[in-house]
Each structure stands twice: as structure tokens, then as C-alpha cells.
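Next come the chains, spelled out residue by residue.
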Amino acid sequence: MRFIYLTICLSIILNFAGCSSKNIEKPSEAALYEAKENNAVNGDVEEFSDEFKTEEVYDPFSGYNRFMTGFNDGAYEYVLKPVSKGYKTVLHVEIRESVRNFFNNLYFPMRFANNILQGKLSYASEEGARFVLNTTVGIAGLFDPAKSCFELQAHEEDFGQTLGFYGVGSGPHIVLPLLGPSNLRDMISLYPDSLLSPIDYNERRYWTLTDTLAEYLEAKSLENINYMSLNMDRYEKMRKDAVDLYPYLRDVYEQYRNKQIKE
Amino acid sequence: MKKVYKNVMLMLFFIMAFGQNLAANEQVELKKHFLKKIDEVILVVEDKKLSKDSRNGNIIKCLTPMFDFELMAKLSLGNKWKELSKENQDKFVALYVERMKQSYSSKIDAYKDEKVEVKKIDQSQEGRIAFVTDLVSKEQKLEIVYKFHKPKEKRNDKDSWLIYDVEILGVSILKTDIAQFKEFLQTKSITELIDALSKQS
């Protein structure tokens, strides 16, 4: 008998709890319902409005950003695309994949440090194992046996994500020349990340692959042209979905970064 | 009195258990249906005998019953939708649907030796289910979320659960469109948006 009372009480409490939590989650449900009744045709828009409240991107530099997006798009169309196409026809896909693997392997210190800074220790150790395997068995990172044989995944983390992880907001959106969409947080983060990169031209106490600005630009160009040759149609397919290229790329970038930070 | 309580409790338990089962069954059914559809699309994509046009046509034919493109069109305009005349609403929906179909078939066209794995099912509220999937290829895993809703009335040429948004690596197609159109309409008119969309297709 006690058990039955207990269950009834529990179910009543749970019911109330359910109702109150519902109220907290959706305060405007009654209002939405009313609006739906009034205008059945537009009901769908109301019903989904809670899900599609878009957060506006803070964009005080939109004029400059628009100009730079146009510049970058032109640079892609008239320089990067033809050069990458030529590069693609000359080099076999497997060689290009090896070049990509080589560069990815070089950025290990950046990924490792940022995984540690975010307390993602298992990811950091996976990265460590990848680096050791790929640098040795994978011949200086040209091959990726860590993934193909041992299923060790790369975990992309950069300082921008680390700052985001600790709650630093993105700040205004800024389109960087040639590098494309970014924001204040991610732009500032390029510097600490570059300190961990062996491709750099500033004075360092440790070994770097490039010593002068010219060498740095050469290496970076090779990396980017190689990347583009492997992902040729990605940008173009994306560009086709844009009614207005700048806000489109801006939103895609910010949504993508938010997702990376949440992970 | 005891008996009454017992009966009430028993009934309650049955209703709860049955209700939950129903929801679980619905998820299982939808998952089965979704994976079957994906297999169908992959078969079309891999059929190298077909010309590119007929391949795209077949992809669209497979996908159309799964997607609520009309709802996406409405939602993409947000509150502006209500301000449109009936004629403009119809025009806009037709253009948006066409744009979505083209965008999808061109993206799916690039599928190669890839498979789809459902790794999580989220049911945030009644009538809405999200499948968190991985598109697995030799190179990488791509997280894609398909969001389904169940319209109150089933439409003739459509499935009972329909996709209203797709998130690729956290980028929601619908959210991006909402933001794009909103910004466009701040300085330009709806007729200009309709023109811009018709130029795209």
C-alpha cells in the first residue's frame, strides 16, 4: 500500500516537475500556439522559430571585410586556381597526399600543446603516438601509418579553440588577406601557434625549417597550393550556394569554429 | 480501494511502457528507412553507366520524398515570409526548392567509396528527431546531422518524417540561409532576392 502511495506521489511530483521544466525551456510556447491559431499558413515559421534564432555575428568591419573577400576570391580565381590546376596535373595524387601528410606532421607541437591546454589528455597522447609513428615508420611524416594501420586519429586544436574553450568570445569578424575568414580571437591566436610551428622565419632558439621570410612564403605557398590541389572543388561548390559571398563565408566560418570549440 | 489504485497504477505503467516503446519503434523504423534511402542514393552515385544528368536526376528523385524543401524555404525567410504576397511566396518556394536540389545533387555527386554510419539519435521533443551521422571515407570522417520533423498531416508524395535541416561539421544549411537572406533583405527588396536566386539556378 505504501508503495502505491509512494508511486502516485512520485508520479505527481514528476508531472509537476515536467510541467515546470517545460515552462522554463519554452516560455513563449503559449504565445507561439496563439500565433499559430491566428495564422495557420505561417504556423511553421513560428513553430521552428525557437530553433532558428540566429545569433548575429559582430561585424563592425563589414566594409573592409567585404572588400577583402572580393580580393581573396579574385586571388583564388586568377592565381591560386590556375596554379593549383597546373600543380595537380604535374604531380600524382599520392605524392600530393604525402606532401600534405608532411606538413600536417610538422604542426604536431601546436596540436599537442593545445590539446594539453584544454585538458584533452587522451587526444594529446594519441597525437603524440601519431607523431612518433609517422615521423619514424612514416618516413618524416610523408606517410600516415598511424591512421591507416593503428587507427590513431588526428585531433585538430589551435590556440583560437583553446581560448574559445576557456570562454573567450570571438570578437569582431575579420577577413585576412589570402588566409580568408577569421575573427579577432583567432587572428591573435595565429602568433602563439606560430611559435610552435617549425615553419617560421623569426629568430628562434630551436630548429625551424625556414629561416627567412622568402623561405617561409615559399613553404606556405607550397602547402596551400598542395592543399588546394587536393580540395579543388570544395570552395567552388560552397561558393555556388552563396547569394552574397561575404556574409555566407562569414557565417559558415563562425558556425564551424563554434562547433570545433564545443568538441 | 486497494484494487482501484492497483489497477490505475498498472494502467499507468502500461501506458508509459507502451508510449516509450512506440517512440523507440518509430526511431528504429526511421533509421531503417533513412539508411535504405542512403543506400539507394549511393547505388545511383556509383552507377557509372548513367550520364551525369540522368544520375543527378535519379539522385533528386531519391531525395525529394525525404526532404521538406518547402518548409526550408519558408523558414529561410523567417518573419519576412509573412509579408510576402501569395504569388511571391510561391515563386520563392519554387526557386528555393530548385536551388536546394541542385546544391544537393552536386555535393552528393562527389561521393566515392563512402558510407554513412548513424552514431547517435537525438529526440529533443515530440515530432522531431536528429540523426548524428558520420560520412566515413578512406581519408576522413565527416559529421553530418540530419534533422527530421513529422508534419501533422502526411503529404502524398512525401515520407512521414521529413528532413528540414542538415548540419555539416556544425554548419547548418538553414541557419546560413536565414542569415544570408536577412542580410540581403536589409538593403535590397524581395524581388531582387528572387532575381538573385533565379540567376543561380
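Below is a summary of the structure that appears in this document. (Residues numbered from 1 in each chain as written. Chains lettered and ligands numbered in written order. Predicted model: local features only at pLDDT ≥ 70, side-chain atom pairs only at ≥ 80, totals over all residues. Heavy atoms only, no water.)

A few words on the overall build of chain A. Helices and strands together make up the secondary structure of chain A, namely 13 helices and two strands. The long-range share in chain A, meaning contacts at least 24 apart out of those at least 6 apart in sequence, stands at 62%. When the accessible area of chain A is evaluated, it comes to approximately 15500 Å², of which 64% is carbon and sulfur surface. (Helix = DSSP H or I, 4+ residues; strand = E, 2+ residues; numbered from the N terminus. Contact = heavy atoms within 4.5 Å. Areas by Shrake-Rupley, 256 points an atom, 1.4 Å probe, with all protein chains shown as cover.)

With that out of the way, let us pick up a negative patch on the surface. A surface patch of like charges, here negative, comprises Glu203(A), Asp211(A), Glu215(A) and Glu218(A). Position of Glu215(A) among the secondary structure elements: in helix H11 (residues 213–230). (Patch = residues over 30% accessible without salt bridge, like charges linked within 9 Å, V, L, I, M, F, W, Y side chains within 5 Å. Salt bridge = Lys/Arg side-chain N within 4 Å of Asp/Glu carboxyl O. Lys, Arg positive; Asp, Glu negative; His and termini not counted. Charge placed at Lys NZ, Arg CZ, Asp CG, Glu CD.)

Turning our attention to the nonpolar core. Judged by nonpolar contacts, the single largest core of 54 residues is most densely connected at Phe34(B), Leu77(B), Phe92(B) and Leu193(B). Counting residues in hydrophobic clusters, the runner-up holds nine residues, among them Tyr76(A), Tyr235(A), Leu245(A) and Tyr248(A). (Core = buried A, V, L, I, M, F, W, Y, C linked by side-chain atoms within 4.5 Å. Buried < 20%, exposed > 50% of the residue type's maximum accessible area, 1.4 Å probe, protein only.)

The next point concerns the side chain of Asn101(A). Mapped onto the secondary structure, Asn101(A) falls in helix H5 (residues 93–106). Sequence-distant contacts of Asn101(A), that is, excluding residues within four places in its chain, are made with Gly141(A), Leu142(A), Phe143(A) and Asp144(A).

A surface patch of nonpolar side chains, about 560 Å² in accessible area, is lined by Phe61(A), Tyr64(A), Phe67(A), Phe71(A) and Leu178(A). Residue Phe67(A) is classed as exposed on the basis of its relative accessible area of 56%.

Looking now at the packing of helix H2 (residues 52–63) of chain B against helix H5 (residues 86–108) of chain B. All names here are of chain B. Taken N-terminus to C-terminus, the directions of H2 and H5 make an angle of 115°; their axes are 9 Å apart at the nearest point. Relative to H5, H2 is oriented roughly perpendicular. For the element pair H2 and H5, the recorded crossing hand is right-handed. Contacts between H2 and H5 pair Asn-56, Ile-59, Ile-60 and Leu-63 from the former with Lys-101, Tyr-104, Ser-105 and Ile-108 from the latter. (Axes fitted to C-alpha atoms, helices over the stretch in contact; angles between N-to-C directions. Parallel < 35°, antiparallel > 145°, perpendicular 65-115°, else oblique. Left-handed = near helix turned anticlockwise from the far one by under 90°.)

Overall, antiparallel pairing links the five strands, which are arranged S1-S2-S3-S4-S5 (chain B) in an open sheet. If you trace the sheet from one side to the other, it starts and ends with strand S1 (115–125) and strand S5 (171–172) of chain B, each paired once. (Pairing = 2+ DSSP bridges.)

Here we take up H2(B). The periodicity of an α-helix, 3.6 residues per turn, causes residues three or four places apart in sequence to face the same way. All names here are of chain B. End to end, H2 covers 16 Å across twelve residues, agreeing with the expected 16 Å (1.5 Å per residue, within 8%). Those residues of H2 not exposed but buried are Arg-55, Asn-56, Ile-59, Cys-62 and Leu-63. End-on view of H2: buried residues confined to an arc of 120°, all on one side of the axis. In H2, the exposed positions that point more than 90 degrees away from the buried face belong to Asp-53 and Lys-61. (Expected span 1.5 Å × (residues − 1). Arc of directions from axis to C-beta.)

In this complex, chain A contributes 38 residues to the contact, which on the side of chain B involves 46 residues. Carbon and sulfur atoms make up 55% of the surface buried where chain A meets chain B, a total of about 3900 Å² over both sides. At the junction of chain A with chain B, the criterion picks out three salt bridges. Of the charged contacts in the structure, one is a salt bridge between Arg250(A) and Glu183(B), with a shortest N-O distance of 3.0 Å. The tally of links between chain A and chain B comes to ten residue pairs in polar contact (both at pLDDT 80 or more). Looking at the side of chain A that touches chain B, the elements that each hand over two or more residues are helix H1 (2–25), helix H3 (43–47), H5, helix H12 (232–240) and helix H13 (245–262) of chain A. If one sorts the elements of the side of chain A that touches chain B by residue count, H13(A) sits on top with eight residues. Of the residues that constitute the side of chain A that touches chain B, the class distribution is 14 nonpolar, four polar and 20 charged. (Buried area = accessible area lost by both parts, 1.4 Å probe. Polar contact = N/O pair within 3.5 Å; in protein donor to acceptor, adjacent residues only side chain to side chain. Nonpolar A, V, L, I, M, F, W, Y, C, P; charged D, E, K, R; others polar.)

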